[in-house]
Amino acid sequence: MSYHSVVVTVHVLAVAVALGLFVTRFYWLCCHSPALQQRWVKVLPHINDTLLLASGIALIVINRFYPFSAQESWLTAKLFGVIIYILLGHIALGRRQRSLSLRWVAFILALVCFFLIAQAAITKLAFLME
Ligand code: HEM
């Protein structure tokens, strides 16, 4: 197994864990579950997000991709998608007082964003642009 495939595997595993944690935490938030207060539930998402970001940066370096260049417009779109996903995730799960309907809208939009990011990575096409 090449170094590249190891890093891609780590990246894709971190993607799957991020999605699983996001959906599970939102479910627990909706049913006011005390599970949300467990220490590992607060810590693991940060560790996984760091792994996701680090493996993503490693893939950019290994592949010699140039974000913000014309050839890599999918990557530029993906990075903007990641920022929007993080913001929506904060609205959906954040500790500030927000109505449940607003959290639901942010949750659904975050999921749409997540799948567009994954699609951009798999097809190497900038979503809604090509
Ligand atoms: C919600 C966040 C993310 C999702 C859902 C996601 C999803 C994916 C998926 C599914 C792949 C595999 C594509 C394939 O099968 O070839 C991939 C590859 C890649 N990701 Fe991410 N990713 C995320 C965050 C990031 C971040 C933050 C970066 C950079 C800082 C990044 C950089 C890359 C690069 C460069 C590749 C290309 C790997 C290759 O073709 O060799 N990703 N991503």
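**What to know about the overall build of the protein**
- When helices and strands are counted, the protein shows 4 helices and 0 strands.
- Along its sequence from the N terminus, the protein presents helices and strands in the succession α-α-α-α.
- Projected onto its principal axes, the C-alpha coordinates of the protein cover approximately 45 × 35 × 20 Å.
- In the protein, buried positions account for 15% of the 130 residues.
- Nonlocal contacts in the protein, meaning residues at least 24 apart in sequence, comprise 64% of its contacts between residues at least 6 apart.

**What about the nonpolar core?**
- Core analysis: the biggest nonpolar cluster contains 14 residues, and Tyr85, Leu88, Ala92, Ala110 and Cys113 have the highest contact counts within it.
- For this core, the secondary structure elements donating two or more residues are helix H3 (73-93) and helix H4 (100-123).
- Here Tyr85 is in contact with Ala110, Cys113, Phe114 and Ile117, once residues within four sequence places are set aside.

**A word on the domain arrangement of the protein**
- According to the domain assignment, the protein contains domain 1 (1-64) and domain 2 (68-130).
- Relative to domain 2, the C-alpha centre of domain 1 lies at a distance of 15 Å.
- The partner domain 2 presents 6 residues to the 6 residues of domain 1 that form the contact.
- Of the residues that constitute the side of domain 1 that touches domain 2, the class distribution is 5 nonpolar, no polar and 1 charged.

Each value, and the rule that gives it
Residues numbered from 1 in each chain as written. Predicted model: local features only at pLDDT ≥ 70, side-chain atom pairs only at ≥ 80, totals over all residues. Helix = DSSP H or I, 4+ residues; strand = E, 2+ residues; numbered from the N terminus. Buried ≥ 20, exposed ≤ 12 C-beta atoms within 10 Å, placed from the backbone. Contact = placed C-beta atoms within 7 Å. Core = buried A, V, L, I, M, F, W, Y, C linked by C-beta atoms within 7 Å. Domains from an automatic or database assignment. Nonpolar A, V, L, I, M, F, W, Y, C, P; charged D, E, K, R; others polar.

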